[in-house]
Amino acid sequence: METFVIGLSIASILFMVALGLAIIYGTMNVINLAHGEMVMIGAYTTVLATKHLGFNIYLCLPLAFLVTATFGLIIERTVVRRLYGRLLDTLLATWGIALILQQLIRIHFGLGLFGVEIDGLGSDLQNVPVPAELQQAIQLFGANIPVYRAFVFVTALALGAITWLLMFRTRFGSQLRAVSVARNTAAACGINDKRVNMLAFAYGSGLAGIAGVLVSGFKTVSPDMGTPYVVDAFLVVVAGGVGHLLGTFASAGILGEVQSFVATWANDVYGRTVLFAVVIFILLFKPQGLFVTKSR
Amino acid sequence: MTYRTASIIAYIAFFAVVLALPLVLNSFWTNRVAIYLVYSICAIGISMSWGYAGILSLGQGLFFGMGAYMLAMSLTLAVPENNPVPQLMLLNMEPNAVRDLCCVTTGSFLWIPFRSVAVGMIAGIVVPCILAAAIGYVMFKRRTTGVYVSIITLAFAVIGQLLIINNQPLTGGFNGLADLALLEIGGFEFDPYGPSAYYAVALTLIAVILLARYMLTGRIGQVLKAIREDEARARYLGYDVENYKLFIFCVSAGVAGLAGMLFTVTSEFATPSLMATSLSISMVIWAATGGRASLLGACIGALIVNFVGSLASESATFQPVWPIILGLLFVVVVLFMPNGIAGIFKAFIDRPGKAERLGGAKLSGKTERPDKADLLVKSELSAREA
């Protein structure tokens, strides 16, 4: 049961990161390797806001969303916009951006060069205080469930629901879906596809930022923490089927649980190894993803 | 001057410079440059599979690292204290295990063939090739293409690295294999800080370039380019696309394995960091900076990026900024110079107006047949990869 809950929380984080990636990849066919850095920036926003502004972790959720969405917006406007249609090149360029962002954190946004150091930045590991009510554990079906893990899970569910509403119940959502199915047709119908791209990229980055806040509660924060997430999240996206909200949700669940159970049964390394092996098999035998019945 | 003449001159000049360098370098820099030349060989491997056949492997580090480990295992056993059983295994063995390579730790029998350095050297190329053949067979027969290939190879590299780190008693874990013997062939020792190892690397590099060029300017290269431009069309023309891709993927892995072995010779260690994602992606960037579809370009790209990188890391001011510069380089190369340095070189040789000045406007190569670089840009721009 504990294993299952840990799996759920791994899955929740994976889901939040993968959701943003799925929107970006599904809509504009861009592989954003800087997505993991959005998680990292979300986590650092939490570190800084709790240290300097006295924010608690709840207030950090919207703050981190705004911060990372702004970063996403800037990245889209400056670099990604010029690379539409060059899938493999986006992969390389965003990896470059990832390197830049990591190093900016390490050198205190360049202030470190002049001897100015901001508490909470730099190469060291950082920790975020978790409010007391989230540190407890509740008893459920005879098992100890850390409240924090449950909080992560609930937040992920809420974000999934919000994203679903956004995608299927708003004007922006229908524009987004139109662009991802047939960009030129959508543009010909009067949808400003550039604007949709920009907002989708910002929203996706913002989701990763929120994931970053939640990660900071149970993992140490460091400049290179984001890289593993982007690889895992991308695997979740392709395993679930690109552009399918439910597919991403289900594959994040499955992969999170697989990793958690194998990790408990053997160790972390085998957990990840099995995770990757599962995804490779899915990719090889069902390249459109598990939950896509027809390809377009 | 035609582009062909110019590139032949460029190749010859490059070879001459590479061969002459140890005459002017001290032993520290001889070693550094030898390592950069090893990276150049990696970049050539990338250029072969990515530049010519359009297969972007992000797991090249896996093959590089395997090559390095294969030779490092042999060179570990060549140290007298590591006989009959390497120290790292003695530290990790069960208290009453038999002190023999067959069974001192789980899986230690895998080391037995590496008692012979020759086996290590052959395995350094053959094992990456076999692994690439296995991965490639499954990938290409399932007609996995484009970005999925990149992600699958990346995932394999991550798994490889994790397994090596995790199997401490067998592989030395996170610290890898260090304290190696020097490579010795027929009584001749390759000193990593002397010209001997340097020339071993440099001559291998030249041989790899010449062989790759011979192969890729011929029929195979043309078919591979056709596959890169339009896989379905090549298939309908009757070419066995899968086998061609499998072939170049294996060759590229073999080249990476060869580079890995030379890395062990020049830097005297093998660690799991050689299989890191960041190194694999860096290799791609070296090739992209120099020119993905140019063997010499890829090679020069690797040299320049690494040389500037190590200059920067020696200065206290630039050291913290270097990763940012490197990141910007990724972005700038991808945005503004998709054909890298080689593309600029070609544009300079073929620059418009030159033919007019020479009095032969109509004969300019550009009007008669489309430029290779133009084709490449067009193919990159087409959303076909998507």
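It should be emphasised that the depicted structure is a prediction, and the values quoted were computed from it without experimental measurement.

Structural notes on the overall build of chain A
A count of helical and extended segments in chain A gives twelve helices and two strands. Mapped in sequence order, the helices and strands of chain A form the string α-α-α-α-α-β-β-α-α-α-α-α-α-α. With the C-alpha coordinates aligned to their principal axes, the bounding extent of chain A is approximately 55 × 55 × 35 Å. At a minimum sequence separation of 6, the contacts of chain A that also span at least 24 residues come to 74%.

Looking at the overall build of chain B
Of the regular secondary structure elements, chain B holds 18 helices and two strands. Since a compact globule built from 386 residues should have a radius of gyration of about 21 Å, the 22 Å found for chain B is in line with a globular shape. On the principal axes, the C-alpha backbone points of chain B span a range of 85 × 50 × 40 Å. Counting the 386 residues in chain B, one finds 47% classified as buried. In chain B, once contacts between residues fewer than 6 apart in sequence are set aside, the share between residues at least 24 apart is 77%.

A few points about the confidence of the model for chain B
Residue and element names in this part refer to chain B. Mean pLDDT over chain B works out to 83, with 91% of the residues at or above the 70 mark. Mean pLDDT across the secondary structure elements of chain B bottoms out at helix 17 (residues 365-368), with 42, and peaks at helix 11 (residues 241-267), with 93. Low confidence marks residues 360-370, where pLDDT is under 50. Its contacts with residues over four positions away, or in another chain, come to ten contacts. In the predicted assembly, ipTM is 0.80 and pTM is 0.84.

Quick look at unusual backbone geometry
If you check the backbone angles, Asn29(A) has positive phi at about 55° while not being a glycine. Considering the arrangement of structural elements, one finds Asn29(A) in the loop between helix 1 (2-28) and helix 2 (35-53). The phi dihedral of Glu268(B) falls on the positive side, at around 60°, and the residue is not glycine. Along the chain, Glu268(B) turns up in the loop between helix 11 and helix 12 (277-290).

Examining the interface of chain A and chain B
Counting residues at the interface gives 37 residues for chain A and 37 residues for chain B. For the side of chain A that touches chain B, the elements supplying multiple residues, two or more each, are helix 4 (87-106), helix 10 (227-240) and helix 12 (268-285) of chain A. With 13 residues, helix 4 of chain A is the largest single contributor of residues to the side of chain A that touches chain B.

Remarks on the UniProt feature "transmembrane region" (unreviewed entry) in chain A
Residue and element names in this part refer to chain A. UniProt marks residues 6-25, 55-75, 87-105, 147-167, 200-221, 233-257 and 269-285 with the feature "transmembrane region" (unreviewed entry), using the numbering shown here. With 90% helix and 0% strand, residues 55-75 has end C-alpha atoms that lie 27 Å from one another. Note that residues 269-285 is 100% helix and 0% strand, and that its end C-alpha atoms are spaced 24 Å apart.

Looking at the confidence of the model for chain A
It should be kept in mind that the predicted coordinates are not to be read in detail where pLDDT is low. Chain-level pLDDT for chain A is 82 on average; 92% of the residues reach the 70-or-more range. Confidence scores differ between elements of chain A, with helix 5 (residues 132-135) of chain A showing the lowest mean pLDDT of 70 and helix 3 (residues 57-78) of chain A the highest of 90.

Some details on helix 2 (residues 27-52) of chain B
Residues and elements named next belong to chain B. Over its 26 residues, helix 2 runs 36 Å from end to end, which matches the ideal 38 Å to within 8%, given 1.5 Å per residue. Maximum bend of helix 2: about 25°, positioned at Ile-46. Most of helix 2 sits out of view: 22 of its 26 residues are buried. One or two residues past the end of helix 2 sits Gly-54, with phi positive at roughly 75°.

Quick word on the environment of Leu121(A)
Residue and element names in this part refer to chain A. The residue Leu-121 is located in the loop between helix 4 and helix 5 in this model. By C-beta crowding, Leu-121 is classed as buried, having 21 other C-beta atoms within 10 Å. Separated by 74 residues in the primary sequence, Leu-121 and Val-47 have C-alpha atoms spaced 8.5 Å apart. Apart from residues no more than four positions distant in its own chain, Leu-121 is found in contact with Ile-105 and His-108.

Focus on helix 11 (residues 245-265) of chain A
Residue and element names in this part refer to chain A. End to end, helix 11 covers 30 Å across 21 residues, agreeing with the expected 30 Å (1.5 Å per residue, within 8%). Of all the positions in helix 11, only Gly-247, Thr-248, Phe-249, Ser-251, Ala-252, Leu-255, Gly-256, Gln-259, Ser-260, Val-262 and Ala-263 are classed as buried. Buried residues along helix 11 sit against helix 1, helix 6 (147-169), helix 10 and helix 12.

Thresholds, definitions, all that
Residues numbered from 1 in each chain as written. Chains lettered and ligands numbered in written order. Predicted model: local features only at pLDDT ≥ 70, side-chain atom pairs only at ≥ 80, totals over all residues. Helix = DSSP H or I, 4+ residues; strand = E, 2+ residues; numbered from the N terminus. Contact = placed C-beta atoms within 7 Å. Rg over C-alpha atoms; globule rule 2.2 N^0.38 Å. Buried ≥ 20, exposed ≤ 12 C-beta atoms within 10 Å, placed from the backbone. pLDDT = per-residue confidence, 0-100. UniProt positions renumbered as here; feature names shortened; annotations may be inferred. Expected span 1.5 Å × (residues − 1). Bend = angle between axes of the 7 residues up to and from the residue.

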